[in-house]
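Here are the chains, one letter per residue:
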Amino acid sequence: MDSKVRGILIGRLQPIHKGHIQVIRKILDEVDEIVIGIGSAQLSHELKDPFTAGERIVMVSQVLAEENIDPGRYYIIPMEDINYNALWTAHVKMMTPPFSIVYSGNPLVKQLFIEEGYIVKNPPLYDRLHLSGSEVRRRILEDENWEELLADSTIEIMKEINGVERLKNLSEKEISDM
Ligand code: NAD
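Residue positions are counted from 1 within each chain, in the order its sequence is given. pLDDT decides what is reported in this predicted model: residues at 70 or higher carry local features, side-chain atom pairs at 80 or more are listed and counted, and totals for whole chains, interfaces and linings draw on all residues regardless. Only hydrogens and water are set aside when side-chain values are computed; all heavy atoms of the structure are taken into account.

Asker: Just checking my understanding: could you explain the pairing of strand β3 (residues 74-78) for this structure?
Answerer: Two faces make up the sheet, and in a regular strand the side chains alternate between them. A pair of strands counts as paired when DSSP detects no fewer than two bridges linking them. Secondary structure elements are defined from DSSP: runs of H or I of at least 4 residues count as helices, runs of E of at least 2 residues count as strands, and each element is numbered from the N terminus. Here strand β2 (residues 33-38) runs beside β3; their pairing, made up of five bridges, is parallel. Along β3, the bridge assignment pairs Ile 36 with Ile 76. Handedness of the crossover is the feature at issue here: the chain leaves β2, passes through helix α2 (residues 53-66), returns alongside β3, and the resulting connection is right-handed. When the strands point away from the viewer and the path from the first strand over the helix to the second turns clockwise, the crossover is right-handed.

Here it is, written out as structure tokens:
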């Protein structure tokens, strides 16, 4: 199709945090274009997956704008999960521009793409103790300086969509369902 080298990063990005931003920058140092797959696009309004695919697309695109990353260098594509792991790479391939390098720290993602013969790279984890989606969500629930883990634009969107209130309500629902 063309001679651009493309890499793909698939993440639930619930929400995108400063570790994701650093890894996206690192990938863009290595490839011409990055495909950012918003994984588990069908999920939202759950404690582990609070934000919709649409909300996550806006978060990612605003972060990349805030970081002054050339919009010609990335694609943001929502990807629903499918029931069959063995078919998932084909599903991803069908939904995305052609790519040759897969970047992931997720063992299942790596295994599935290695089996299909892709180059799979394990990007460095930046301050993983604090920079993880689960830590962001935990801090939100415990009113504990979650903002320092997110870009300014993501904090703004969290306010617009009442993200903190949503997570707290989901947490109460989970407790009352137990
Ligand atoms: P995630 O948002 O937790 O992480 C995405 C990537 O970000 C990781 O691979 C890691 O490389 C990077 N990252 C995270 N924190 C970082 C940090 N501090 N520093 C540097 N990099 C960091 O997303 P995930 O859970 O790995 O997403 C995988 C997606 O693929 C899920 O949505 C999953 O459901 C989907 N999937 C689906 C199927 C299927 O449908 N059958 C199969 C496999 C995977």
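What follows picks up the thread again.
Asker: What should I look at first to understand unusual backbone geometry in this one?
Answerer: In terms of backbone geometry, most residues other than glycine have negative phi values and most peptide bonds are trans. Of note, the amide linkage connecting Gln 14 to Pro 15 takes the cis form, showing an omega dihedral of -5 degrees. A positive phi is found at Asp 127, a non-glycine position, where the angle reads about 40 degrees. Residue placement: Asp 127 occurs in the loop between β5 (119-121) and α5 (133-141). Positive phi outside glycine occurs at Asn 145, with the angle close to 50 degrees.

Asker: Help me understand the sheet that holds strand β4 (residues 101-103) in this model?
Answerer: Strand pairing in a sheet is mediated by backbone hydrogen bonds. Such pairs are either parallel or antiparallel. Within the open sheet, the five strands sit side by side as β3-β2-β1-β4-β5. Their pairing is parallel. Two strands in the sheet have a free side with no partner beyond their single neighbour: β3 and β5. The mean inter-strand angle of the sheet, taken between neighbouring strand axes irrespective of direction, is 25 degrees. One ladder, built from three bridges, connects strand β1 (residues 6-11) with β4; its direction is parallel. Across the sheet, Gly 7 pairs through a bridge with Ile 101, a residue of β4. Contact definition: two residues touch when any of their heavy atoms are within 4.5 Å. Note on definitions: angles span 0 to 180 degrees between N-to-C directions of axes, and those axes are lines fitted to C-alpha atoms, for helices only across the stretch in contact. Seen against the sheet, α2 touches β2 and β3 and runs at an angle of roughly 165 degrees to β3.

Shape is all these values report; function is a separate question.
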